[in-house]
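Coordinates in review
The primary structure of each chain is shown beneath.
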Amino acid sequence: MRLQKATAIALYAVLELALDPTRQLTAVEIAEKYGVSAHHLAKVLRDLRRGGLVDSVRGAGGGFRFAGDAKRLTLMDVIQLFEDVGADADELPPQAAGREIAQGVRFVLTELDTQSAATLRSITISTMLKLVARRPWTNAATETKPRRRTAGRAQ
């Protein structure tokens, strides 16, 4: 699944702010941490505020704070503020000569969209933060891959 840049930035911001809901961060602080444009992030944070996921305080000492319920808010809740999830399969043009193939492809893509959406609806912000704390990707990176054997050659 490929997300738009604004959606990825929104996920970063929500997760960063949800790490400590009492902490207030500026758009510049979050943008610098993730290497994104502060201007773009400010637009994303505005949309997150409109969606009720973050609160904002203006002026000196102002910033943003997580306003959602991390145990109930899902990744899909954030993504749906920025993406039209699951619309791709409908955009495939029907071909009269290859209608069966087109219907088969549409069926598979719709099934994938359904599974992806179900997964994103099942992962809460709280669950995601626990995953980040465990860092399972660091273990996967250190595992060595088995060497392939070539036919007729001993290794």
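Residues numbered from 1 in each chain as written. Predicted model: local features only at pLDDT ≥ 70, side-chain atom pairs only at ≥ 80, totals over all residues. Heavy atoms only, no water.

**Details of the packing of helix H1 (residues 5-18) against helix H6 (residues 125-134)**
- The N-to-C vectors of H1 and H6 enclose an angle of 85°; their axes lie 10 Å apart at closest approach. On the basis of their axis angle, the class for H1 and H6 is roughly perpendicular. Contacts between H1 and H6 pair Val-14, Leu-15 and Ala-18 from the former with Ile-125, Met-128 and Leu-129 from the latter.
- Within the contact of H1 with H6, the residues separate by chemical class into 6 nonpolar, no polar and no charged. (Axes fitted to C-alpha atoms, helices over the stretch in contact; angles between N-to-C directions. Helix = DSSP H or I, 4+ residues; strand = E, 2+ residues; numbered from the N terminus. Parallel < 35°, antiparallel > 145°, perpendicular 65-115°, else oblique. Contact = heavy atoms within 4.5 Å. Nonpolar A, V, L, I, M, F, W, Y, C, P; charged D, E, K, R; others polar.)

**Brief notes about the packing of aromatic side chains**
- Within the structure shown, the criterion is met by 1 aromatic pair.
- Consider the rings of Tyr-12 and Tyr-34, whose centres lie 5.1 Å apart with planes at 15°: the pair is stacked. Here Tyr-34 lies in helix H2 (residues 27-34) and Tyr-12 lies in helix H1, a separation of 22 residues in the sequence.
- Here Tyr-12 falls in the partly exposed class, since its relative accessible area comes to 38%. (Phe/Tyr/Trp six-rings, centres within 6.5 Å; stacked < 30°, edge-to-face > 60°. Buried < 20%, exposed > 50% of the residue type's maximum accessible area, 1.4 Å probe, protein only.)

**A short note on the nonpolar core**
- In terms of nonpolar packing, the biggest core is built from 34 residues, with Leu-17, Leu-41, Leu-45, Leu-48, Val-78 and Ile-125 touching the most fellow members.
- Within the residue set of this core, elements represented by two or more residues are H1, H2, helix H3 (38-50), strand S2 (63-66), helix H4 (75-79), helix H5 (99-122) and H6.
- Broken down by element, the residue count for this core peaks at 9 residues, all from H1.
- Setting aside chain neighbours within four positions, we find Val-78 in contact with Ala-10, Leu-11, Val-14, Leu-48, Leu-53, Leu-73 and Ile-125. (Core = buried A, V, L, I, M, F, W, Y, C linked by side-chain atoms within 4.5 Å.)

**Brief notes about the environment of Pro-21**
- Checked against the element boundaries, Pro-21 lands in the loop between H1 and H2.
- Look at Pro-21 and you get partly exposed, because its relative accessible area is 40%.
- As a C-alpha pair, Pro-21 and Gly-68 span 47 residues in sequence and 8.8 Å in three-dimensional space.
- Each residue touching Pro-21, except ones within four places of it in the same chain, is listed here: Arg-65 and Phe-66.

**Points about the packing of H2 against H3**
- In contact at an axis separation of 9 Å, H2 and H3 are set at 120° when each is read in the N-to-C sense. As judged from the angle between their axes, H2 and H3 are oblique. Helix-helix and strand crossings are classified by hand; for H2 and H3 the assignment is right-handed. Counted together, Ala-27, Val-28, Ile-30 and Ala-31 of H2 and Ala-38, Leu-41 and Leu-45 of H3 form the full contact between these two elements. (Left-handed = near helix turned anticlockwise from the far one by under 90°.)

**As for a nonpolar patch on the surface**
- A contiguous nonpolar surface patch, about 560 Å² in accessible area, is contributed by Ile-101, Val-105, Phe-107, Val-108, Leu-109 and Leu-112.
- With respect to the helices, strands and loops of the structure, Phe-107 is situated in helix H5.
- Residue classification places Phe-107 among the exposed positions, given a relative accessible area of 58%. (Patch = residues over 30% accessible without salt bridge, like charges linked within 9 Å, V, L, I, M, F, W, Y side chains within 5 Å. Areas by Shrake-Rupley, 256 points an atom, 1.4 Å probe, with all protein chains shown as cover. Salt bridge = Lys/Arg side-chain N within 4 Å of Asp/Glu carboxyl O.)

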